[in-house]
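Now for the letters of each chain:
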Amino acid sequence: MTQQNRLANGGLIDRKRQLTFTYNGKRYTGYEGDTLASALLANGVDIVNRSFKYSRPRGVVAAGAEEPNALVQLGATESTQVPNVRATQQALYEGLVAKSTNGWPNVQRDLMGMVGKMGGSFMPPGFYYKTFMAPASMWMTYEKYIRKGAGLGRSPTENDPDTYDHLHQHCDVLVIGAGPSGLMAALSAGRRGVRVILCDEQEEMGGSLLDSRELINSQPATRWVSDTLDELNQLDNVTVLSRTTAHGYHDHNFVTLHERRTEHIWDRATPANGRPQVRSRLHRVRAKRVILATGTHERPLVYANNDVPGNMIAGAISSYIRRYGVVPGNSLVLSTNNDHAYRTALNWHEAGRKVVAIVDARPSPKGTLVDQARALDIRIISGSAVIEGKGTNRVSGACVAAIDPAAFKVTGKVEELECDTIASSGGYSPVVHLSSHTGTRPQWNSEIPAFVPGEVKGMTPVGSVTGVFDLKTAFDTALSAIDHALEEAGDTSSSKVTEAPQVDAIQEGPCCALYQVPHTKTTLRAPKQFVDFQNDVTASAIEIATREGFESIEHVKRYTALGFGTDQGKLGNINGMAIAARILNRSIPEVGTTVFRPNYTPVTFGAIAGRHCRDLFDPERYTALHQWHVEHGAEFEDVGQWKRPWYFPKTVNGKKETLDEAVARECLAVREKIGILDASTLGKIDIQGPDAREFLNRVYTNKWAKLAPGRVRYGLMCKDDGMLMDDGTTSCLAENHFLMTTTTGGAAGVLEWLEVWHQTEWPELDVYFTSVTDHWATMTVTGPDARKLMEEVTTDVDLDRESFKFMDWKEGTVAGVPARIFRISFTGELAYEINIQANYAMKVWLELFDKGEKYGLTPYGTETMHVLRAEKGLIIAGQDTDGSVTPEDLGLQWAVGYDKPFEWIGKRALTRPDTSRKDRKQFVGLKPKDANVVLEEGAQIVLDPNQSIPMAMVGHVTSSYYSAHLKRGIALAVVKGGHERMGETVYLPMADGKVHEAEIVSPVFLDPKWERQNV
Amino acid sequence: MKRYSGFGLVKHAMSHHENWERQWRNPTPKKQYDVIIVGGGGHGLATAYYLAKVHGITNVAVIEKGWLGGGNTARNTTIVRSNYLWDEAAALFEHSMKLWEGLSQDLNYNVMFSQRGVLNLGHTLQDMRDIQRRVNANRLNGIDGEVLDAKGVQDIVPILDCSKNARYPVMGASWQPRAGVARHDAVAWGYARAADSMGVDLLQNTEVTGFKIRDGRVHGVHTNRGDIEAKTVGCVAAGNSGVLAKMAGFKLPLESHPLQALVSEPLKPILDTVVMSNHVHGYVSQSDKGDLVIGAGIDGYVGYGQRGSYTTIEHTLQAIVEMFPIFSRVRMNRQWGGIVDTCPDASPIISATPVKGMFFNCGWGTGGFKAIPGSGHVFAATLAKNEAHPIAAPFSIDRFNSGALVDEHGAAGVAH
C-alpha cells in the first residue's frame, strides 16, 4: 500500500527507517516516529472502529490521550495481547500487529451497523432500564446477548510473559508534562541543583512545541526543545522520564508515574544489552513540589453527524501535518470559535491541500492568524458554524449556517460545502484531571471558558493549564513557579539563573462560548450530535435525561454513560456539562463537573501489581528444619505465611500412604512410643521490662502475679468484646522477663495487639515486646519414651519427674547446643519442647533422630498434632473458636481471674447479660453413634432432625477426626447449653441427605485425669 | 406513573422521545411530614417505597444533601448474595434476596439483577472448614449453596488459576447460584421513581443541619431549606451516620473508613460469575458493559474522604493477578472510594435510638448494597409500627450493651 496521505517532506519522523505493520490482517508501511494512528491516516485508513451502541463507523479524531475511537487490540501472540490500546498513543514499530476492537464481520462492512441504524431510535439513554423486564425469567438470556454486544477489546487468554517493577522516588520538584512550561520549569529547577523529575506521556518531549508555528529565539521551537532536553539530560540531579504518564495524584503529593520501557519496541519486553528488561515501571513519587504542566485538550464542537470519519479536532490535524507529515484528507472545512485553531487551516494550506472555508462562530474575528488566513485568500465565513456533516463512511460535505450561539438558533440559510475533512475547535480545556484526583474541585474560568485546576497544597500549575494559552506566559509562569517553590523551601540561591527565551507574540482575539451547535431542527429531531463518541452519548440523550429528571451532572453521566469510556470524557465532558446547563437554564459552574479519578489513562494490572505476584505474592516462611521435611517427603500445609509439614507419608511396598494412613501411624507412634514435631512456627514474643508482669495481667484473662522464674503458664487472651482471641503458654524467664507463645497464624496480630494497648492505652507501663519467632527453632519431643531420648542428648539437665515438673522450663544443653527446654504438652503425653537458636537447629534435630531411631522416633505433622490434641479436648484458637466464644463457653473458667485488681481486656464484656447466658454455645465432645463415622467439620447440629427448613441449629462441629488410638471417630463441637447436655443425642443433617447421630460427651476423650503427661 | 415497556419505547421513538415524563418530581419541601428519611441512597429510597407501598404511609420526605443514590449506592461493586453464616444475618440477607428476585417487575424498572452465582474461594484447610460450616448452615436455613472442590471451581471459572503453583492454591469454594450482581444506579432510580409516584417527596440538594428534639423526642429536622417537621425520623446515611448521631446528641458504635473499588476498561465477556477470595483478598465480576469490577478490603484508617490509599489498590490488583494471571495485561481504567460505616461485629444497626421517634439504619460496612431491598423493607416496618420488625430486632443498638453480637467477621470470613 502506498502512503497516499504522506507529505513528501516535513514532520519529525525518520523517513530513512520504513516500518511494516499489520492492521486487520493487511500489511502497511509507516516510518520510525509514527504513531499507529498517524501511520493509518498516512495510508488512508478512514474507519478504525465501530461505535459501542449504534455500531457507527468511526475514524481517528485526536492525536493523543483524548482519542475516543481509535482503540485497537494490540499484540502478535495470544500471551501478549493488550486490549483497547489507543492508536494515537502507540508508537509504530517493525512488525506491529493490531486489530480494530469492534466490527463484525469486519470494521468496514459491519452488520451490527444495520442494527444501529435501524434500531438507534429505539435506544434512547437508559432504554435498558425500561425494557427487557418481561418475562422475568428471560433476563439472563437478554443479558447474555447484551454482554456479547458490549465490551471493547478482549482479554488475553494466556499468561503475561513480562514483569513489572516498582520504584520509590523522592524529589524536590516533580514536573508533570514536558511542553514549553514544563521544560522551562525543569530547566530552571535543574540548574539550581535541586532534585527534579520531569515526565511526559508522549513518545517525544516538547508538547505543543512539537507542532508549533512559533519561533523561539528566532529558531524553530523544536530546536529549543532539543537544546533544553540536552541540557536536562546532562544534569545529574534531573531525571527525565519520557513515555511516562502521571496517572494518579494522591494525598500529600504522592504521584504515581507509569513509565513504558518497551511498548514502543515490541509487544513484549525484549532484552536490552543482553539483559532482561521489565515491560514497564511504576514510579511511586513523593514530591515536595508538583509543577502541573499538563496543558490542554481541545474541545470538538457538537454538531450533527460529527462522528463520521473525517471529522477531527483541529489541533490533531496540525499534529498530524507538522509532526508526522500526514495530511488526513484533501479538502478541509474548519469550524471554530477561536483564533488558535486557524493554525490548522494554515498548516493544511501549506501542505498543499485545499482549505474550502474557515467557519468562525464569532461575528468579526480579528488577530494575527486571521489576517494570515485572509492574506492566503482562504474563505472565512464568520458568525457561522458547521451545523451538520455529510457522508457515511467518510465526510463528503459540511452544512454551514449563520448561528446565534447565545440564543441557540440557526439564523441564516444553510449552505453545503463539499469537503472530505471537517476540523472543529470549541476552545481548550485545561487538563485538570490530576489535580482533581486529590479531591480538589476544578474552578470555572469564564474567560476561556473552561475549568482550571483547583488549589492543591504543594502544587503549582504552569502554562496553558492555568487558562492562559500564549507561549510567553507559559515560560514566565514556569520560571516564577520554580522561584516561588524554592524560596518557600528555603532555597535562597540566585533565582535569575534562567531567563525565558524570546518568542514573537501572536495576537489572538477572544473566543466565544460555543459547545453544541444549533441545528435547524430541534436537538431531539436533528441527526445525531455526538458528545461522547466512545459511548455514543448524543446531545439528544443528555436532553432526554434532563427531561426525565436527571438534573445532577452525576445523574446525567450515569444515565447516559457520558464520560464512562476509557477516555473518561476527555473530549466530551465539558460539552456534556454545557449542554445540560443550557437545557436546565443554569450556568456551567452551577452544573459542575463529575469527579475525575485515577487513572488519567489506563494502566495495566501487571504494572500496578509489580513483582508482588506468583512467588512474591506473599512471602513463604520456612522453619530452620524445612529442608529435612522436604527430603523426608512431607506434604505441606499453608498456615499463615508458613509452610508447615502436614503429614509425612511413607512409601510402603511401593505405595505411598494416604493422609489417613500416615496420620494413624504418626498418632500411634506418639501414644505408644515417641514422636517429634517441628513447632518452630508458633509465635514467640519476648517481653521485658519492670512492668512486664503487670502487662500480662492486663492482656491475659488469668493471673500472672505469682508465676515464678522457671515456671510456665497457659494463658487466654480475649478481645475487648470478651471473645477468645488467642492462647498459648508464657514462661517466666526472669522476674522482668517473659517469653509468650502464640498460635502460628496469630503471631503478628498478637504482637500488634500488645503494641496497640501499650502505645495507646497504657503508655505508662515500662515494657518492651520483641518478636523472636524466627530466632528459635522449636522441637516437640513427646510420647512415653520422650524422657529416655532426652536423657541421651542432655548432660546438664536433671530430667527427673520431680525436679523437672510439668509446666517447668530449664536452660541446658541439648546435643551440645544451648537450649531452653519446656515441659509442656499439647498431646497429653510426656513432652519436652526444646528451643534452639535457629541456626543450630538442624544439628540438634539430626542428633535427636540419630539417638531416637532405636525408640522409633517418628516425625509428625500438623494433622497428627490436631488429632492428638483433639483426643485431649485441647482447643485450637481459630478452629474451635471463631470470635464468638468466651473462655467460659470453652469450659476454661479456671483460667479467668475475675478477682484480679485491674480491669483486664474483656472483663467488662464478660459480665454483660448475653455473655452469662446459660444457653450459649458451649464447647463439648461429640461421639458419633456409629464409631466408623467421622463427622464433617462444619456440620450443623440440630436437636430434632425431622423439623422443616429453616431448622433450629444449636451448634456445629469445629474439629473432627478418626482416632486410631480410640479406634473411632471423635469430634469437638459447640452446642447451645452443651455443658449441661452431657449424654444427650444430637443430629447432624448432611447435604447428601444422611443424618448422623452423635452423643454429647466431655471433650477429653482420653486420660481424663491427665496422668500420661505427668509420668 | 406511566409504566415502562418495550411497546412504550417504540411509541416514544415515533415521537422523537419528546414526551418522556420525569422519573421523579423536584418538589418544594412541605412544612410537615409523617415520616422523614434522612439519606436518599438505596436504603433510604427503598425505605420510603415500602413505607408507601406496604404501610400506606405516603406523606414521606426523603432528604438528600446531594443527588439520589450518590453515596455508596453509586460506588459499590454491586454484589448480591445471601450466604451469611449466622441465623440473624442469613434471615436478613435472604429476605433481601427474595425481594431482589422480582424487583425489576415490582418497580417496573430493570435493575438488571443477574443471578450469575457467587464463588467464595477457600485457600486453606481452615477456609474450607469455614466454608463447609457456612454452607451447611445456609442449607438448613433454606439458602441455596454448595461446597465445591478445586475441580468444581475450575469447571465454573476456567480462567481462574486453580493450579498448585499459586501461592495459596484454590482448595475449593462455596457456590451460591442465586447470588449475582445488579445495576447499582438503577436500584436507586427504580425505588425513587416508584416512591415518588406514590407521593413521596424526594428532596435533593437538601442538607440536614440538625434535629428538633424536645423532651427526648424528635419533632423534625433543620435543613438548609428550612425546618421540616415529623414525629418519626429514620436516618439512613451511610458514611455520615456518626455525624448525624452527633447532631442528635448520642454516639454510635461505628467507625467510618474509606473503601475503594476499581474497574478495568470494558472487555468482551470473559468472566461469567462473581469470584471472591478473602484469603488472597480480592473479588471480581464483569459488568454487562464489560468492565471488570474489582474490590477488596477497607483502608485501615478512619476518615470521610471518598478516596483511599494507593497501596490498597496495589494489593487488590496483586490479588486479582494472582488469581487470574491472564488479566495482567488488562488495564485499570478508574478507581474510586466511598465511606463505609463499620460496626465492631461487622453487622448492621437497624434500631430505635435514645431519642424517641428517631431510628437509625446504618453500619452496613462493606456489604450494604445487597441488603437494600430487605433493609428498606424491615426498616419501613420498624418506622411504621414504632417497633422492630422481627428480622431487624437482632440488629438493635442494644446488642452492644447486652453482648448479643452477630459477629460475621471471623465466621463468614468474607469481606463483602
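Residues numbered from 1 in each chain as written. Chains lettered and ligands numbered in written order. Predicted model: local features only at pLDDT ≥ 70, side-chain atom pairs only at ≥ 80, totals over all residues. Heavy atoms only, no water.

As recorded by an unreviewed UniProt entry, chain B carries the name Sarcosine oxidase subunit beta and is attributed to Larsenimonas rhizosphaerae. Comment text from UniProt for chain B, heading Sequence similarities (unreviewed entry), reads "Belongs to the SoxB family." (UniProt positions renumbered as here; feature names shortened; annotations may be inferred.)

You'll find chain A entered in an unreviewed UniProt entry as Sarcosine oxidase subunit alpha, with Larsenimonas rhizosphaerae given as the organism.

Caption draft 1: Region of interest: the overall build of chain B. Helix and strand counts for chain B stand at 11 helices and 19 strands. In summary, chain B has a C-alpha radius of gyration of 21 Å against a globular reference of 22 Å for 416 residues, a match within 12%. Projected onto the principal axes, the alpha-carbon positions of chain B cover approximately 65 × 65 × 40 Å. Split into buried and exposed, the 416 residues of chain B put 69% on the buried side. Within chain B, contacts between residues separated by at least 24 positions form 76% of all contacts whose residues are at least 6 apart in sequence. Summing over all exposed atoms, chain B offers an accessible surface of approximately 12,900 Å²; the carbon and sulfur share of this is 53%. (Helix = DSSP H or I, 4+ residues; strand = E, 2+ residues; numbered from the N terminus. Rg over C-alpha atoms; globule rule 2.2 N^0.38 Å. Buried < 20%, exposed > 50% of the residue type's maximum accessible area, 1.4 Å probe, protein only. Contact = heavy atoms within 4.5 Å. Areas by Shrake-Rupley, 256 points an atom, 1.4 Å probe, with all protein chains shown as cover.)

Caption draft 2: Focus on the UniProt feature "domain: FAD/NAD(P)-binding" (unreviewed entry) in chain A. Look at the UniProt record and you will see "domain: FAD/NAD(P)-binding" (unreviewed entry) annotated at residues 172-435 of chain A. With 22% helix and 36% strand, residues 172-435 of chain A has its two end C-alpha atoms placed 18 Å apart.

Caption draft 3: Spotlight on the packing of aromatic side chains. One pass over the structure, following the stated rule, counts 46 aromatic pairs over all chains. For K130 of chain A, the ring lying beneath its charged end belongs to W20 of chain B, and the centroid distance is 3.5 Å. Looking at R193 of chain B, its charged tip hangs above the ring of Y4 of chain B, at a distance of 3.6 Å from the centre. (Phe/Tyr/Trp six-rings, centres within 6.5 Å; stacked < 30°, edge-to-face > 60°. Lys NZ or Arg CZ within 6 Å of the ring centre and 35° of its normal.)

Caption draft 4: Region of interest: the sheet that holds strand 16 (residues 292-298) of chain B. Pairing is mixed in the open sheet, where nine strands are placed in the order 32(A)-17(B)-13(B)-16(B)-15(B)-14(B)-4(B)-6(B)-5(B). Single-partner strands in this sheet number two, and they are strand 32 (603-604) of chain A together with strand 5 (146-149) of chain B. Note: strand 13 (residues 255-264) of chain B against strand 16 of chain B, four bridges, orientation antiparallel. Bridge pairing in strand 16 of chain B places A261 of chain B opposite G295 of chain B. Relative to the sheet, helix 5 (residues 125-140) of chain B contacts strand 4 (118-122), strand 5 and strand 6 (172-176) of chain B, its axis offset from that of strand 4 of chain B by approximately 140°. Relative to the sheet, helix 9 (residues 310-323) of chain B contacts strand 4, strand 13, strand 14 (274-277), strand 15 (282-286), strand 16 and strand 17 (331-342) of chain B, its axis offset from that of strand 16 of chain B by approximately 125°. (Pairing = 2+ DSSP bridges. Axes fitted to C-alpha atoms, helices over the stretch in contact; angles between N-to-C directions.)

Caption draft 5: Representation of the interface of chain B and chain A. Residue-level contacts link 104 residues of chain B with 128 residues of chain A. Across the interface of chain B and chain A, roughly 9,900 Å² is buried in total on both sides, 53% from carbon and sulfur atoms. Three residues, L140, R167 and R329 of chain B, lead the burial of chain B against chain A; their summed loss comes to 10% of the area buried on that side. Note that R22 of chain B is salt-bridged to E551 of chain A, the shortest N-O span being 2.8 Å. One can count 74 residue pairs in polar contact (both at pLDDT 80 or more) joining chain B with chain A. Elements that contribute at least two residues to the side of chain B that touches chain A include exactly helix 1 (6-14), helix 4 (103-107), helix 5, helix 7 (184-197), strand 16, helix 9, strand 17 and helix 11 (399-402) of chain B. With 10 residues, the top contributor of residues to the side of chain B that touches chain A is helix 9 of chain B. A per-class count over the side of chain B that touches chain A returns 44 nonpolar, 36 polar and 24 charged. (Buried area = accessible area lost by both parts, 1.4 Å probe. Salt bridge = Lys/Arg side-chain N within 4 Å of Asp/Glu carboxyl O. Polar contact = N/O pair within 3.5 Å; in protein donor to acceptor, adjacent residues only side chain to side chain. Nonpolar A, V, L, I, M, F, W, Y, C, P; charged D, E, K, R; others polar.)

Caption draft 6: Highlighting the side chain of H17 of chain B. Within the secondary structure, H17 of chain B is located in the loop between helix 1 and strand 1 (35-38). A polar side-chain atom of H17 of chain B sits 2.6 Å from the main-chain carbonyl oxygen of S121 of chain A. In contact with H17 of chain B, not counting residues within four places along its chain, are S121, P124, L524 and I544 of chain A together with L9 and H12 of chain B.

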